[in-house]
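These are the residues of each chain, in order.
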Amino acid sequence: MTRFRVAVHIVPRKGILDPQGKAVADALHALGFPSVGDVRVGRHLVLDLEAADAAEADTRVRAMCDKLLANPVTEDYEIAGVTPA
Amino acid sequence: MKFGIVTFPGSNCDDDAYVAVTEALGATGIRLWHKDHDLQGVDVVILPGGFSYGDYLRAGAIARFSPIMREVIAHAERGAPVLGICNGFQIACEAHLLPGALLRNASLQFVSDMVTLRVENATTRFTNRYDAGQLLRIPVAHGDGRFTIDAEGLSALEDRGQVVFRYVDSTGATTDAANPNASLDNIAGIVNARGNVLGMMPHPERAVDAALGSTDGLALFESMLAAVAA
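Residues numbered from 1 in each chain as written. Chains lettered and ligands numbered in written order. Predicted model: local features only at pLDDT ≥ 70, side-chain atom pairs only at ≥ 80, totals over all residues. Heavy atoms only, no water.

Q: Could you clarify how one ought to interpret the overall build of chain B in this entry?
A: Counting its secondary structure elements, chain B contains 5 helices and 11 strands. For 230 residues, the compact-globule formula gives about 17 Å, and the C-alpha radius of gyration of chain B, at 16 Å, lands near that figure. Each of the three principal axes of chain B carries a C-alpha extent, and together these read 45 × 35 × 35 Å. Within chain B, the proportion of its 230 residues that are buried is 59%. Residue pairs in contact within chain B that sit at least 24 positions apart in sequence constitute 74% of those at least 6 positions apart. When the accessible surface of chain B is totalled, it reaches about 8,900 Å², and 48% of it is carbon and sulfur. The positive charge centre, built from 17 side chains, and the negative charge centre, built from 26, are 5 Å apart in chain B. (Helix = DSSP H or I, 4+ residues; strand = E, 2+ residues; numbered from the N terminus. Rg over C-alpha atoms; globule rule 2.2 N^0.38 Å. Buried < 20%, exposed > 50% of the residue type's maximum accessible area, 1.4 Å probe, protein only. Contact = heavy atoms within 4.5 Å. Areas by Shrake-Rupley, 256 points an atom, 1.4 Å probe, with all protein chains shown as cover. Lys, Arg positive; Asp, Glu negative; His and termini not counted. Charge placed at Lys NZ, Arg CZ, Asp CG, Glu CD.)

This is the structure we're talking about:
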């Protein structure tokens with residue numbers, strides 16, 4: 001078994017109003033970054049866990065996302081990286 | 001008739017619900033701790049308002065896995081009544097007792113105010129003492145009350161009369177200005193398809209005594225008494 005560090009991005013699903021993202025986009029426009037389009041504000045989680053290999057670590061974190069870490073009604077998630085801890 | 005009120009770490013409307021049930025309604029209140037495994041034979045479970053687990057991760061997401069929730073879900077699956085108020089509504093959605101989810105208010109501000117609700121369905125076991133279309137004055141106090149559901153889920157709710165309360169103005173119209181959180185279609189409260197689980201963001205337990213500014217919430221508790229007696 002190896003310890004892995006798995007990073008997960010969780011963001012509001014496209015089509016769902018994200019008022020935080022909109023407020024950030026408005027602020028960026030006001031600060032002279034007019035090229036900014038859509039902004040989504042989500043969460044970034046870093047989990048440290050033991051697994052046989054990177055693929056198993058990935059699978060287990062996906063199960064955690066489905067059960068607890070992300071809300072399937074409103075959020076999408078992606079595994080941003082699996083690295084040895 | 002026994003009402004069980006669940007206290008999670010961070011609940012803060014459990015006492016209000018207990019007083020509403022025992023003093024305003026004159027029924028029996030049983031305090032339940034989130035680590036209990038026994039509902040002590042209560043007829044109704046109330047999931048109260050508050051900030052269970054500090055709203056960490058998402059409001060209600062962690063409380064939904066508290067030990068007592070296994071019994072609460074079994075209670076609901078037997079067809080027995082569950083009332084989720086505010087954080088209790090969020091917990092009920094996270095536990096899949098109700099469809100949809102509650103998101104951050106579009107204003108990004110916590111809203112604490114008296115609002116007007118319109119009773120959309122007066123045939124539920126929670127609303128049988130109201131009239132359809134009746135306007136109620138009930139307070140809200142939440143930061144994450146924007147109900148959302150996909151288009152398919154919304155039409156299912158509408159078709160089955162599962163939308164129980166909407167935010168309206170003083171004339172009974174569903175306007176954006178009357179909607180404290182930009183909830184989808186001004187939805188303030190829904191029941192599940194079977195009609196035994198009600199979730200609502202407004203606080204009926206804070207509207208049961210004239211000293212609180214409204215007694216419009218009392219009939220919701222009386223409705224549950226009438227439904228169980230029937």
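Next comes the rest of the description.
Q: Please explain the sheet that holds strand β7 (residues 135-142) of chain B as it appears in this structure.
A: Within a beta sheet, neighbouring strands are joined by backbone hydrogen bonds and run either parallel or antiparallel to one another. Residue and element names in this part refer to chain B. Across the sheet, which stays open at both edges, the 9 strands sit in the order β2-β1-β3-β4-β11-β10-β9-β6-β7 with mixed pairing between neighbours. Across the chains shown, the open sheet's two edge strands, defined by having one partner strand only, are β2 (28-33) and β7. Averaged over neighbouring strand pairs, the angle between their axes works out to 25 degrees when direction is ignored. Pairing of strand β4 (residues 82-85) with strand β11 (residues 197-200) involves 4 bridges; the strand directions are parallel. Note on β11: the bridge partner recorded for Val 82 is Val 197. (Pairing = 2+ DSSP bridges. Axes fitted to C-alpha atoms, helices over the stretch in contact; angles between N-to-C directions.)

Q: I'm lost on the interface of chain A and chain B in this one. Help?
A: One frequent convention defines the size of an interface as the accessible area lost when the parts assemble. At the interface, 14 residues of chain A touch 14 residues of chain B. Broken down residue by residue, the surface that chain A buries against chain B is led by A:Pro19, A:Leu68 and A:Val73, which jointly contribute 36%. A salt bridge links A:Glu75 to B:Arg58, with the shortest nitrogen-to-oxygen separation between them at 3.7 Å. The interface formed by chain A and chain B holds 5 residue pairs in polar contact (both at pLDDT 80 or more) in total. Counting residues per element, the ones that place at least two in the side of chain A that touches chain B are α1 (19-30) and α2 (54-69) of chain A. (Buried area = accessible area lost by both parts, 1.4 Å probe. Salt bridge = Lys/Arg side-chain N within 4 Å of Asp/Glu carboxyl O. Polar contact = N/O pair within 3.5 Å; in protein donor to acceptor, adjacent residues only side chain to side chain.)

Q: Honestly, the packing of aromatic side chains in this entry has me stumped. Any pointers?
A: Two aromatic rings are characterised by how far apart their centres lie and by the angle between their planes. Residue and element names in this part refer to chain B. In total, this model carries 2 aromatic pairs over all chains according to the counting rule given. Their ring planes at 15 degrees and their centres at 6.1 Å tell us that Phe 89 and Phe 147 sit as a pair that is stacked. Highlighted residues: Phe 89 in helix α3 (residues 87-94) and Phe 147 in strand β8 (residues 146-148), separated in sequence by 58 residues. Phe 147 carries the same exposure label as Phe 89, and that label is buried. In this structure, Arg 31 is placed above the aromatic ring of Tyr 18, and the distance from its NZ or CZ to the ring centre is 4.0 Å. (Phe/Tyr/Trp six-rings, centres within 6.5 Å; stacked < 30°, edge-to-face > 60°. Lys NZ or Arg CZ within 6 Å of the ring centre and 35° of its normal.)

Q: Would you mind showing me how to read helix α4 (residues 151-159) of chain B here?
A: Every α-helical turn comprises 3.6 residues, leaving residues that sit three or four positions apart pointing alike. All names here are of chain B. Regarding α4, the residues found buried are Gly 153, Leu 154 and Leu 157. The arc that holds the buried residues of α4, viewed along the axis, is 100 degrees, so those residues lie on one side. Those residues of α4 that are exposed and aimed more than 90 degrees away from the buried face are Ala 151, Glu 152 and Asp 159. In this structure, the buried residues of α4 make contact with β8, β9 (163-168) and β10 (187-191). Where α4 terminates, the next one or two residues include Gly 161, which has phi positive at roughly 65 degrees. (Arc of directions from axis to C-beta.)

Q: Is there a simple way to explain the pairing of β4(B) in this structure?
A: Residues in a regular strand point their side chains to alternate faces of the sheet. All names here are of chain B. Across the two faces of β4 the burial is the same, with Val 82 and Gly 84 and Leu 83 and Ile 85 all buried. Taken together, the 3 bridges between strand β3 (residues 44-47) and β4 define a ladder with parallel strand orientation. Counterpart to Val 45 in the pairing with β4 is Val 82. The β-α-β motif built from β3, the intervening helix α2 (residues 68-77) and the parallel element β4 has right-handed crossover chirality. (Right-handed = clockwise from strand over helix to strand, strands pointing away.)

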